[in-house]
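Architecture at a glance
Listed below, chain by chain, are the residues.
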Amino acid sequence: MSLIKSFNFNFLKQNIKKSKGAIILSLIIVPLIISMYLVVYGLELHTPEVVPTTTIGVIDIIFMYIIHFVYSALLFGFVFKKTSTDFMNSMPINRKTMFITNTIGGILLITLIQLLSGFFALLWGAVFKNLIIFPSAVLDIMIVSWISYVFVFIASNLAMTFSGTHQAHFITAVLILFLVPVCVELIGSIRKYETYKNMEYNSSVYSYGYNYDLSIVDGYQTTYYRTLENIKDYTMPFKLFRYGLQYSWESNLRMIGLSILYFVLGLKLYQRRKMEHSEETYESQKMHIFVKSLTLIPILLVVDRMNVYSESITGLIIAIIFCAIYYFIFDIISKRKIPFATTVASFAVTVFVIQAMTTFLGNIEYRQSDVDADDIKSISIGKNSNSSSLYYYFVNDSEYAFDGDYFIKDNQILELILDGRYKVLDPTTAFLDKGGYVSKDIYFNIKLKNGKEYYIETSIANKNYNEIISILSRNEEYNEHMKKQIIKKNGIIQIGNDVVDNNTKRKIEKLMSQEDINIFSSNTNSVNYITKTVYQGHKIVKYQIPLNNNEELLAVVADFANKQVLENIKGYQYNISVDVYDKSSSIGHYYGDSEILDFIELHSADEFDSSKKYYVLYGGLQTRNGYKNFVFYTNSTKELDKILENSTSSKYYW
Amino acid sequence: MPDDLYFFPNYNLLEMAEFYQAMYPNFDMGNVKNLAEILKLNLKAKIKTFSKGMKRQCALICAISTNADYMFFDETFDGIDPVVRNLLKQIIRKQMEKKPTTIIMTSHNLKELEDICDNLGLLYKGGILFESEINSINTSMTKVQFALNGETNQEALQGLEVMSYKKVGSVATAIIKGGRGSIRAKLEALNPIILDFLPLTLEEVFIYEMEVLGYEFNQVL
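Residues numbered from 1 in each chain as written. Chains lettered and ligands numbered in written order. Predicted model: local features only at pLDDT ≥ 70, side-chain atom pairs only at ≥ 80, totals over all residues. Heavy atoms only, no water.

1. Section: the interface of chain A and chain B
Many authors give the size of an interface as the accessible area that is lost as the parts come together. To keep things clear, this is the line we draw: Should any heavy atoms of two residues lie within 4.5 Å, those residues are counted as being in contact. Simply put, the buried area is the total loss of 1.4 Å probe accessible area from both parts when two parts are fitted together. Each salt bridge in this description consists of a side-chain nitrogen of Lys or Arg and a carboxyl oxygen of Asp or Glu lying within 4 Å of one another. Counting of polar contacts relies on pairs of N or O atoms within 3.5 Å, with two restrictions inside protein: one atom must be capable of donating a hydrogen and the other of accepting it, and residues adjacent in sequence are counted only when both atoms are side-chain atoms.
Contact residues are listed per partner, giving 14 residues for chain A and 13 residues for chain B. With both chains or domains summed, chain A and chain B bury close to 1400 Å², and 71% of this area falls on carbon and sulfur atoms. Counting across the interface, chain A meets chain B through 1 salt bridge. Among the salt bridges present, the one from B:E18 reaches A:K17, with a minimum N-O distance of 2.6 Å. Our count for the chain A to chain B interface comes out at 2 residue pairs in polar contact (both at pLDDT 80 or more).

This is how it looks when you write it as structure tokens:
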């Protein structure tokens with residue numbers, strides 16, 4: 001109620017009116033650039049494609065760092081100039097009302113930006129049929145962006161309350177937003193945390209090869225990893241640097257909590273603000289030196305992390321000179337005259353304190369231990385690369401989301417994951433393992449019984465990987481869980497690149513809910529599957545459902561694919577590339593002229609019987625409308641065998 | 001209305017008036033238009049294109065039209081020519097007739113306040129040095145010019161509270177605290193050759209009050 005009472009709409013209207021040009025521009029620029037981006041994206045697509053959330057949110061990410069300063073400067077910019085601050089404060093409106101009104105006004109503008117951005121994202125999704133944008137994904141982006149924008153805006157307002165110039169405002173806001181997480185990251189990299197040897201992050205195994213593996217075995221301290229809790233907890237502006245725009249309630253709640261705290265703090269400080277200090281960086285010289293010293297902390301931590309001190313005395317001297325120059329330049333840019341002796345003394349104290357702190361943290365002893373399967377509460381697995389033919393085994397596509405929904409508790413699987421990890425790390429087996437493409441890059445998220453949670457990007461031995469798949473495919477609980485996920489969500493169903501029509505989709509979903517669908521396939525070389533893409537758990541998830549063991553499902557799919565095929569091959573221009581499979585394995589590859597297209601045209605109207613022997617043709621060809629893919633099912637296997645045998649150009653058998 | 005005026009960038013007088021209107025519930029937009037016409041100010045011309053005096057007129061029009069109970073004017077007539085200055089004074093007077101308003105004006109040019117203010121306060125180092133009604137200044141302080149038959153000197157003024165005494169040739173000019181009656185009686189008793197009572201300006205009041213506090217730059221130089 002107090003907030004509403006303190007809201008002065010007339011003041012807001014006038015305050016916005018005086019900067020209407022800049023505000024209108026800020027309102028339309030994000031939706032406009034999102035629109036341009038999606039229009040270009042949509043025009044370039046010749047086949048349907050699910051737009052990842054990061055693609056839709058990419059513009060939001062860029063403007064998250066700009067809009068808040070723009071709004072803070074437009075709505076509160078008068079405080080940085082003596083004449084304007086005198087003028088505004090002579091008006092019959094108290095500071096509380098002024099602060100609350102401007103804050104609410106900024107939030108309303110941010111809301112408008114997000115609504116417009118969301119509207120245009122959905123609009124272009126509807127206009128371009130190949131551009132598949134899930135409304136729930138757009139809603140998630142709007143929520144995350146809105147919370148993030150508001151958080152950054154309020155933090156920026158807090159910075160304004162004790163800054164006297166635009167430069168000081170910018171520096172203070174950046175410190176409020178980034179100092180703590182950056183220090184946590186940098187100190188975390190210096191400090192040696194408790195480490196579990198066989199779970200360490202090691203994405204560089206391939207590029208560094210054998211020697212690097214040895215160094216890992218000799219000294220685990222050199223490797224680098226982080227815990228999942230930290231990632232989720234970070235506020236969005238910092239998180240964006242590392243992980244992009246991701247939905248996380250931990251992060252959102254932290255931003256909401258901090259926004260409330262910063263708002264209350266900002267209000268109190270604004271009411272007490274000494275307006276006569278406009279045009280000076282900060283109210284006092286002490287405050288100026290304090291802020292300047294704070295800005296030196298991340299710089300010193302980076303220098304420390306680079307280990308320039310330990311390299312040579314020259315390195316140390318260069319580092320100190322670099323920091324000192326920065327320290328003096330800060331005063332020159334901010335046009336604040338600080339006595340030379342004070343600057344030198346404060347610089348020395350800052351360097352000493354930070355060094356003492358990093359040395360202390362760096363020397364904290366850490367416990368290094370192996371983790372047993374018994375220590376693990378559960379594991380979820382995500383896929384690392386979409387180039388893998390084992391794509392569909394792990395239902396969470398890590399291109400979009402790195403942590404899985406389903407936590408595996410099977411001790412045998414946990415053992416296999418750890419053992420697979422050991423094999424890759426072991427220098428006696430790792431080289432062969434990797435050289436032969438027999439390890440798999442995966443993401444997994446481990447919950448230990450002691451409450452710790454780790455996110456790990458690594459590779460495990462291929463043999464172990466396949467065993468895990470085999471166990472999972474027989475695991476009834478897991479199958480049931482996945483089936484529920486597939487059936488309950490709407491999403492889209494694709495055969496090849498084609499999105500099925502609503503009628504086919506309903507038929508497929510009905511069959512999937514009735515049939516005892518086996519979502520795993522023992523064969524890794526087949527394209528005989530459909531893909532269901534949904535937005536669930538705040539991320540895009542792809543489920544690939546094999547058809548080789550589901551005859552009824554196959555009949556429905558083949559019916560749609562064969563009706564669609566003529567449309568897909570229309571406008572054929574150059575050579576055609578076709579992979580041919582039987583029920584579960586590859587028969588051959590055809591690369592040549594239109595002979596196979598004649599076959600397709602001839603048999604496209606044939607009745608397809610999924611219980612008889614059949615081939616699946618998965619092809620790609622250049623058409624007048626761009627490169628198209630198609631899927632075609634046929635029972636005329638003998639005729640096709642003949643075409644493949646007669647085809648001499650570039651044809652081969654696996 | 002501050003000495004250092006502020007207008008929103010690219011605003012015209014009408015837009016500024018609209019801002020004031022949003023802030024002050026009793027703002028009189030009609031008055032703005034009326035006064036702008038009297039002062040020949042284009043309502044829709046950007047204020048930044050105006051001269052210093054015209055900008056001050058704009059600020060004064062907006063301030064007056066707020067119909068606020070209290071108004072503070074700092075260096076109100078700075079940069080304004082005498083004709084417009086008189087016009088603005090009339091506008092201020094009219095406003096006070098229209099509605100009971102307390103107007104506080106600060107200025108270093110005291111002459112411009114003499115004919116418009118009821119009360120005078122002298123500010124010195126953040127405090128009020130002297131405060132009086134304008135009318136009572138004439139009764140509490142007297143400026144007198146006199147020449148005695150013999151030698152004219154300050155001793156003749158013994159018993160009076162002399163704030164300032166200057167002598168050019170045989171004619172002395174003194175500012176004395178107190179009313180004319182008692183001073184006239186005292187000086188007439190000395191049979192002066194010349195005895196004139198001169199009008200006291202606000203600037204003289206200020207200067208002599210400051211001199212009492214040792215604020216004399218004449219002596220410094």
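Read on, since the account is not over.
2. Examining the pairing of strand β1 (residues 70-74) of chain B
All names here are of chain B. Applicable threshold: Each residue gets one of three labels from its accessible area relative to the maximum for its type: buried under 20%, exposed over 50%, partly exposed in between, using a 1.4 Å probe on protein chains only. Labels follow the DSSP assignment, with helices taken as runs of H or I lasting at least four residues and strands as runs of E lasting at least two, numbered in each case from the N terminus. Pairing between strands requires that DSSP locate at least two bridges from one strand to the other. The definition of a right-handed crossover adopted here requires that, viewed with the strands pointing away, the path from the first strand over the helix to the second runs clockwise.
Here β1 shows a buried face lined by M71 and F73 and an unburied face lined by Y70, F72 and D74. Where β1 lies against strand β2 (residues 102-106), 5 bridges are found, and the strand directions are parallel. Across the sheet, the residue bridging to Y70 is T102, located in β2. Assessed by its sense of winding, the connection that carries the chain from β1 through helix α4 (residues 82-98) to β2 is right-handed.

3. Considering the packing of aromatic side chains
Residue and element names in this part refer to chain A. So the rule is basically this: To pair, rings of Phe, Tyr and Trp, with the six-membered ring standing in for Trp, must have centres within 6.5 Å; the planes then decide the type, stacked if under 30 degrees apart, edge-to-face if over 60, and tilted in the middle.
One pass over the structure, following the stated rule, counts 24 aromatic pairs over all chains. Consider the rings of F99 and Y270, whose centres lie 5.5 Å apart with planes at 35°: the pair is tilted. You can see F99 sitting in helix α7 (residues 95-127) and its partner Y270 sitting in helix α13 (residues 249-272), a full 171 residues away along the chain. Side by side, F99 and Y270 carry an identical accessibility label, which is buried. The interplanar angle of 65° and the centroid separation of 6.2 Å between the aromatic rings of Y326 and F330 together place this pair among those described as edge-to-face. Of this pair, Y326 and F330 both sit in helix α16 (residues 313-333), 4 residues apart, which is roughly one turn of that helix. Its relative accessible area of 23% is what places Y326 among the partly exposed residues. With relative accessibility at 7%, the residue F330 sits in the buried group.

4. Notes on the nonpolar core
Put simply, the test is: For our purposes a nonpolar core is just a set of buried Ala, Val, Leu, Ile, Met, Phe, Trp, Tyr and Cys residues, chained together by side-chain atoms within 4.5 Å.
Counting 126 residues, the largest nonpolar core has A:Y71, A:F87, A:L131, A:Y270, B:M16 and B:F73 as its most contacted members. Sort the elements by how many residues they give to this core and helix α8 (residues 135-161) of chain A lands first, with 15 residues. Apart from the residues lying within four places of it in its own chain, the contact partners of B:F73 are B:M1, B:L60, B:A63, B:I64, B:I103, B:I104, B:M105 and B:T106. Judged by nonpolar contacts, the second largest core, of 44 residues, contains A:L472, A:I508, A:V557 and A:A561.

5. A closer look at the sheet that holds strand β10 (residues 529-536) of chain A
All names here are of chain A. Selection rule: Helix axes are fitted only over the stretch in contact, all axes being lines through C-alpha atoms; the angle between N-to-C directions runs from 0 to 180 degrees.
With respect to topology, 4 strands assemble into an open sheet ordered β9-β8-β10-β11, the strand pairing being antiparallel. The sheet is open, and its two borders are formed by β9 (498-499) and β11 (539-546), each paired with just one other strand. Where strand β8 (residues 492-495) meets β9, 2 bridges bridge the pair, whose relative direction is antiparallel. Bridge pairing in β9 links Q494 to V499. Each of β8, β10 and β11 touches helix α22 (residues 502-514); the most contacted strand, β8, lies at about 100° to it.

6. What to know about the pattern of salt bridges
In the structure shown here, the tally under the stated rule is 11 salt bridges over all chains. In this structure, A:D331 and A:K292 form a salt bridge, with 2.8 Å as the shortest nitrogen-oxygen distance. Placement of A:D331 in helix α16 and of A:K292 in helix α14 (residues 285-305) is noted, with a sequence separation of 39 residues between them. No difference in accessibility class separates A:D331 from A:K292, as the two residues are buried. Put simply, B:K99 and B:D69 hold a salt bridge, and the shortest N to O gap is 2.6 Å. With B:K99 in the loop between α4 and β2 and B:D69 in the loop between α3 (52-65) and β1, this residue pair connects regions lying 30 residues apart in the sequence. We classify B:D69 as partly exposed; its relative accessible area is 46%. Three or more residues are tied together by salt bridges with common partners; here these are A:K505, A:E509 and A:K532.

7. Topic: the pairing of strand β14 (residues 615-623) of chain A
Residue and element names in this part refer to chain A. Across the 9 residues that make up β14, a large majority, 7, are buried. In terms of strand pairing, β14 meets strand β15 (residues 626-634) through 9 bridges, oriented antiparallel. What sits directly across from L621, in β15, is K628. Linkage of β14 to β15, two consecutive antiparallel strands, is achieved through a turn of 2 residues.

8. A word on the confidence of the model for chain A
Residue and element names in this part refer to chain A. Counted only if it meets this: Per-residue confidence from the predictor is reported as pLDDT, which spans 0 to 100.
Considering every residue of chain A, the mean pLDDT works out to 75; 75% of them sit at 70 or more. Every residue in residues 200-230 is under pLDDT 50, and counting partners more than four places away or in other chains gives 60 contacts. Confidence drops under a pLDDT of 50 for residues 384-404, and excluding neighbours within four residues, the segment shows 73 contacts in the predicted structure.

9. As for the sheet that holds strand β7 (residues 171-177) of chain B
Residues and elements named next belong to chain B. Spatially, the 4 strands line up as an open sheet ordered β6-β7-β5-β8, and their pairing is antiparallel. With partners counted over all chains shown, the strands left at the sheet margins are β6 (161-168) and β8 (194-198), one partner each. The average undirected angle you get between the axes of adjacent strands in this sheet is 20°. In this structure, strand β5 (residues 141-147) lies alongside β7, joined through 6 bridges in antiparallel fashion. If you follow K143 over to β7, its bridge partner there is I175. Sitting on the sheet, helix α7 (residues 180-188) touches β5, β7 and β8, and the angle it makes with β8 is about 165°.

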